[in-house]
Amino acid sequence: MASKARLLVHGGAGNILPANANEHATRPALLAALQAGWGVLQQGGAALEAAQTAVVVLEDAGVFTAGKGAVQDTNGNVSLDAALMNGVDQRAGAVACVPWLRNPILAARLVLDQTKHVLMVGGGATDFLRFQQAAFEARDYFSPAQNAVVKQGTVGAVALDNSGGLAAATSTGGTAAKLPGRVGDSPLIGAGTYANQTCAVSATGQGEFFIRSVFAHRVAVAIEHGMSVNDATASALAEVARLGGEGGAIVIDAGGNACALFNTKGMYRGVI
Ligand code: ASP
């Protein structure tokens, strides 16, 4: 049976040069994430499950600034942001600024599945997630990526399944030296993460600029108005750059057209 399924992942955009010192760690993690998500799609699984599965692998890898590898805030604490969105029904779940979560993307999934809300933050989110038995970890579980070359390392996935369903998922510990309480673009639907029946978008980069340009929704609207995936993403990145920001994104549409673009030196990325 011909498969139209496709999955893209990213491990963050930034000052990443080809064959840099981190490649020996990041490449296997990206491959493992692609294979895990692809396994879901091959078994007829939904795009949402595939994107989520890929992001869990990247969160657990410890080599990106998400999940295990999350950067610390200026108080030395770890707080996590994540979102996922299902294109078919535009249902979404997200958490922001929740400390010590093992898999923020699974927490976002709990918000999607178990509440009528989209975004949960603060003590209420922590209480809800503990009640739902989400996994929290002690401080020594987290191992912020040490290489100073890597300034951004958010992770994300976009998927198209065999039924034509699209989904996006993004997870991050945020940016280096962030203030406690800071929330980036990743958990904000329409900024760092978005999916509908037309396309799925997961962004990475300096989140403030992706919020101010409403990046992911901007891409979707441009595609809906007839722009190609590539042109829509390039044009939204140009708006980020116009505001003074940098980063990148992975985008896929319902026809399987996809791109991974960035205006930084590099972006960890893969497609299957
Ligand atoms: N966009 C993320 C944030 O601002 C950071 C990143 O992509 O590395 O939280």
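All of the points below concern the structure found in this document.

Thresholds, definitions, all that
Residues numbered from 1 in each chain as written. Predicted model: local features only at pLDDT ≥ 70, side-chain atom pairs only at ≥ 80, totals over all residues. Heavy atoms only, no water. Helix = DSSP H or I, 4+ residues; strand = E, 2+ residues; numbered from the N terminus. Patch = residues over 30% accessible without salt bridge, like charges linked within 9 Å, V, L, I, M, F, W, Y side chains within 5 Å. Areas by Shrake-Rupley, 256 points an atom, 1.4 Å probe, with all protein chains shown as cover. Salt bridge = Lys/Arg side-chain N within 4 Å of Asp/Glu carboxyl O. Expected span 1.5 Å × (residues − 1). Buried < 20%, exposed > 50% of the residue type's maximum accessible area, 1.4 Å probe, protein only. Arc of directions from axis to C-beta. Contact = heavy atoms within 4.5 Å. Pairing = 2+ DSSP bridges. Axes fitted to C-alpha atoms, helices over the stretch in contact; angles between N-to-C directions. Near = heavy atom within 4 Å. Polar contact = N/O pair within 3.5 Å; in protein donor to acceptor, adjacent residues only side chain to side chain. 1 Å grid on protein atoms, 1.4 Å probe; cavity = no way out; pocket = protein on both sides within 12 Å on 5 of 7 lines; lining within 4 Å. Sits in = over half its atoms within 2 Å of the grid points. Nonpolar A, V, L, I, M, F, W, Y, C, P; charged D, E, K, R; others polar.

This part is about unusual backbone geometry. Trans peptide bonds make up the majority, and among non-glycine residues the majority have a negative phi. Unusually for a residue other than glycine, C97 sits at a positive phi of about 60 degrees. By the secondary structure assignment, C97 is in strand β3 (residues 91-99). In the Ramachandran plot, W100 falls in the positive-phi region, its phi being about 65 degrees despite a non-glycine side chain. Secondary-structure assignment places W100 in the loop between β3 and α3 (104-114).

This part is about a nonpolar patch on the surface. A cluster of nonpolar side chains, namely V118, L119, V121 and I189, defines an oily patch on the protein surface of about 290 Å² accessible area. Relative to the assigned elements, V121 resides in strand β4 (residues 119-121).

The first and last C-alpha atoms of helix α1 (residues 23-42) sit 28 Å apart over 20 residues, in line with the 28 Å expected at 1.5 Å per residue. Among all positions of α1, only T26, A29, L30, A33, L34, G37, W38, V40 and L41 are buried. Down the axis of α1, the smallest arc covering the buried residues is 165 degrees, so these residues share one side. Residues of α1 that are exposed and point over 90 degrees away from its buried face: H24, R27, Q35 and Q42. Buried residues in α1 make contact with β1 (6-14), α2 (47-61), β5 (155-160) and β11 (266-271). Positive backbone phi, at 85 degrees, marks G44, one or two positions downstream of α1.

In spatial order, the strands read β4-β3-β2-β6-β5-β1-β11; together these seven strands make up an open sheet with mixed pairing. Two strands in the sheet have a free side with no partner beyond their single neighbour: β4 and β11. Looking at each pair of strands side by side, their axes are set apart by 10 degrees on average, direction ignored. As defined by bridge partners, β1 adjoins β5 across five bridges and the pair is classed as antiparallel. Looking at the pairing, L8 lines up with V158 of β5. Running at roughly 155 degrees to β1, α1 makes contact with β1, β5 and β11 of the sheet. Against the sheet, α2 engages β1, β2 (79-86), β5 and β6 (166-172), with an angle of about 155 degrees to β5.

Here we come to the site of the ligand. Close to the ligand lie 13 residues; T154, R182, D185, T204 and G205 are nearest. One of the side-chain nitrogen or oxygen atoms of R182 is found 2.7 Å away from an oxygen atom of the ligand. Contact distances for the ligand include 2.7 Å between a nitrogen atom and a backbone N or O atom of G205. When the ligand sits alone it has 270 Å² of accessible area, and the protein chains cover 100% of it. If you map the ligand onto the pockets, it falls in the largest cavity. Residue classes in the shell around the ligand are distributed as no nonpolar, 11 polar and two charged.

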